[in-house]
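Results of the structural survey
Each chain is listed here by its residues.
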Amino acid sequence: MMNTFTPLHRLLLTSLVIGFAPCANAALEFHVSPGGNDANPGSAARPFGSLERARDAVRELKRSGGFNQPVTVFLRGGIHRISKPVTFGPEDSGTAANAITYAAYPGES
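The paragraphs below set out a description of the structure included in this document. (Residues numbered from 1 in each chain as written. Predicted model: local features only at pLDDT ≥ 70, side-chain atom pairs only at ≥ 80, totals over all residues. Heavy atoms only, no water.)

1. Considering the sheet that holds strand 2 (residues 71-75)
What counts here: The pairing criterion is simple: DSSP has to find at least two bridges between the two strands. Secondary structure elements are taken from DSSP: a helix is a run of H or I of four residues or more, a strand is a run of E of two residues or more, and numbering for both begins at the N terminus. Axis lines are fitted through C-alpha atoms, for helices just across the contact stretch, and the angle between N-to-C directions can take any value from 0 to 180 degrees. Residue contacts are counted whenever heavy atoms from the two residues lie within 4.5 Å of one another.
Spatially, the three strands line up as an open sheet ordered 1-2-3, and their pairing is parallel. Bordering the open sheet on either side are strand 1 (28-32) and strand 3 (100-104), each of which pairs with just one other strand. When the angles between neighbouring strand axes are averaged without regard to direction, this sheet yields 20 degrees. Two strands pair when backbone bridges link them, and strand 1 and strand 2 are joined in this way by five bridges, in the parallel orientation. Residue pairing across strands places V32 opposite L75, the latter belonging to strand 2. Helix 2 (residues 51-63) contacts strand 1, strand 2 and strand 3 of the sheet and is inclined by roughly 155 degrees relative to strand 3.

2. Considerations on the nonpolar core
For the record, the criterion: For the purposes of this section, nonpolar cores are sets of buried Ala, Val, Leu, Ile, Met, Phe, Trp, Tyr and Cys residues that join through side-chain atoms within 4.5 Å. The buried label applies to any residue whose accessible area, calculated with a 1.4 Å probe on protein chains only, is under 20% of its type's maximum; exposed applies above 50%, and partly exposed to all values in between.
In terms of nonpolar packing, the biggest core is built from 11 residues, these being F30, V32, F48, A54, A57, V58, L61, F67, V71, V73 and I100. Looking at this core, the element that brings in the most residues is helix 2, giving four residues.

3. Let's talk about the pattern of salt bridges
It is possible for side chains bearing opposite charge to pair when their charged atoms get close. What counts here: Put simply, a salt bridge is a Lys or Arg side-chain nitrogen that is within 4 Å of an Asp or Glu carboxyl oxygen.
Going through the model one piece at a time under the given rule, you end up with eight salt bridges. Between E60 and R53 there is a salt bridge, with the nearest N and O atoms lying 3.5 Å from each other. Residue R53 is classed as partly exposed on the basis of its relative accessible area, which comes to 22%. For R76, the salt bridge goes to E108, with nearest N and O atoms at 2.6 Å.

4. Points about the environment of Y102
Relative to the elements of secondary structure, Y102 occurs in strand 3. Taking relative accessible area as the criterion, Y102 reaches 27% and is therefore assigned partly exposed. Spatially, the C-alpha atoms of Y102 and V71 are 8.6 Å apart, while their sequence positions differ by 31 residues.

Structure, rendered in structure tokens:
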């Protein structure tokens, strides 16, 4: 049988076997979807239902001392309805080393 592992597969497998710690600057992601639910953890598989909840999750992360990496909030495709304005203040800012980014999910609008 032919070995179908690419160099990337080998690197990933080696990393898992050796037990490398995650990269310190790997981005943390939260996801928001029109079909999501604010009781969800904000993962890709279980997204939040509102931008406001994602903003609050980032705030909670900062308050808990867990803000030691970049954070990206991905808005999944669809129409995101809001019933009141979502406001951002100084407490929602990132740092030069650890940005907080809100963006459309790649390939979606």
